[in-house]
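What the coordinates show
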Amino acid sequence: MFKISRMIDYGVVIMSQLAHTQREVMTAPEISDATGLPMPSVSKVLKSLGRSDIVNSHRGVHGGYSLGRRPDDITLADIIETLEGPVALTACVDGSDDQCKVETLCPIRGGWEKVNFAIRNALEEVTLSELSTFSEFPLPKPVADEADKSAQQDANKNTGVH
């Protein structure tokens, strides 16, 4: 199965939240609260994104993170490459860090390059603005514990509400 990693998925969600707030600086806990993503994962992703020009890291009392470029100027390819390196489907394509051990014997040597090129181009065509089409992230629904449910049921019985 061809699948985007959780790190990239979280990176896109975090970048979308930063795009939504425009030029406002947000802390990792604020981003975690706004998106519902786990704080350790948000911190890890922000650390990687902060090393690039797509996210600015601000130090100090009023520190946090903001977009380094306009959402229209950040592509899905930019986010993926920042978090995980070049888009390379197999070891035999340009940009891969791996070395193919059977390249000299392979009947499709170089054939994957066309597929890799098409996918890379598709990722470069999708901007953060296009990915972030909704106006707000939904707030996570609080999980009521059993005591709360029981108290609500008792209250409903006493008031005649069903």
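First things first, this report covers the structure right here in the doc.

How each quantity is defined
- Residues numbered from 1 in each chain as written.
- Predicted model: local features only at pLDDT ≥ 70, side-chain atom pairs only at ≥ 80, totals over all residues.
- Heavy atoms only, no water.
- Core = buried A, V, L, I, M, F, W, Y, C linked by side-chain atoms within 4.5 Å.
- Buried < 20%, exposed > 50% of the residue type's maximum accessible area, 1.4 Å probe, protein only.
- Helix = DSSP H or I, 4+ residues; strand = E, 2+ residues; numbered from the N terminus.
- Contact = heavy atoms within 4.5 Å.
- Axes fitted to C-alpha atoms, helices over the stretch in contact; angles between N-to-C directions.
- Parallel < 35°, antiparallel > 145°, perpendicular 65-115°, else oblique.
- Nonpolar A, V, L, I, M, F, W, Y, C, P; charged D, E, K, R; others polar.
- Arc of directions from axis to C-beta.
- Patch = residues over 30% accessible without salt bridge, like charges linked within 9 Å, V, L, I, M, F, W, Y side chains within 5 Å.
- Areas by Shrake-Rupley, 256 points an atom, 1.4 Å probe, with all protein chains shown as cover.
- Salt bridge = Lys/Arg side-chain N within 4 Å of Asp/Glu carboxyl O.

**Description of the nonpolar core**
Residues Ile14, Met15, Leu18, Leu49 and Ile79 are the most contacted members of the largest nonpolar core, which totals 29 residues. The set of elements that each furnish at least two residues to this core consists of α1 (6-20), α2 (28-35), α3 (39-49), β2 (64-67) and α4 (76-84). No other element matches α1, which puts 8 residues into this core. Excluding its chain neighbours within four sequence positions, the residues that come into contact with Leu49 are Gly11, Ile14, Met15, Ile54, Val55, Thr82 and Leu83.

**Concerning the packing of α1 against α2**
Packing of α1 against α2 leaves a shortest axis separation of 10 Å and a crossing angle of 100°. Taken together, the axes of α1 and α2 are roughly perpendicular relative to one another. Contacts between α1 and α2 pair Val13, Ile14, Gln17 and Leu18 from the former with Ile31, Ala34 and Thr35 from the latter. The class makeup of the residues in the contact of α1 with α2 is 5 nonpolar, 2 polar and no charged.

**Looking at α2**
Those residues of α2 not exposed but buried are Ala28, Ile31, Ser32 and Thr35. In a view along the axis of α2, the buried residues occupy a sector of 100°, so they form one face of it. For α2, the elements touching its buried residues are α1 and α3. Just past α2, the residue Gly36 takes up positive phi, approximately 80°.

**Examining a nonpolar patch on the surface**
Taken together, the side chains of Ile108, Trp112 and Val115 define a hydrophobic patch exposed on the protein surface, amounting to about 240 Å² of accessible area. With respect to the secondary-structure elements, Val115 resides in helix α5 (residues 112-125).

**Observations regarding the environment of Ser48**
As for its placement among the helices and strands, Ser48 is situated in helix α3. Residue Ser48 is classed as buried on the basis of its relative accessible area, which comes to 16%. For the pair Ser48 and Glu84, spaced 36 residues apart in sequence, the C-alpha separation works out to 9.2 Å. Apart from residues lying up to four places away in sequence, Ser48 is in contact with Met7, Thr82 and Leu83.

Function cannot be read off these values alone, since they describe shape.
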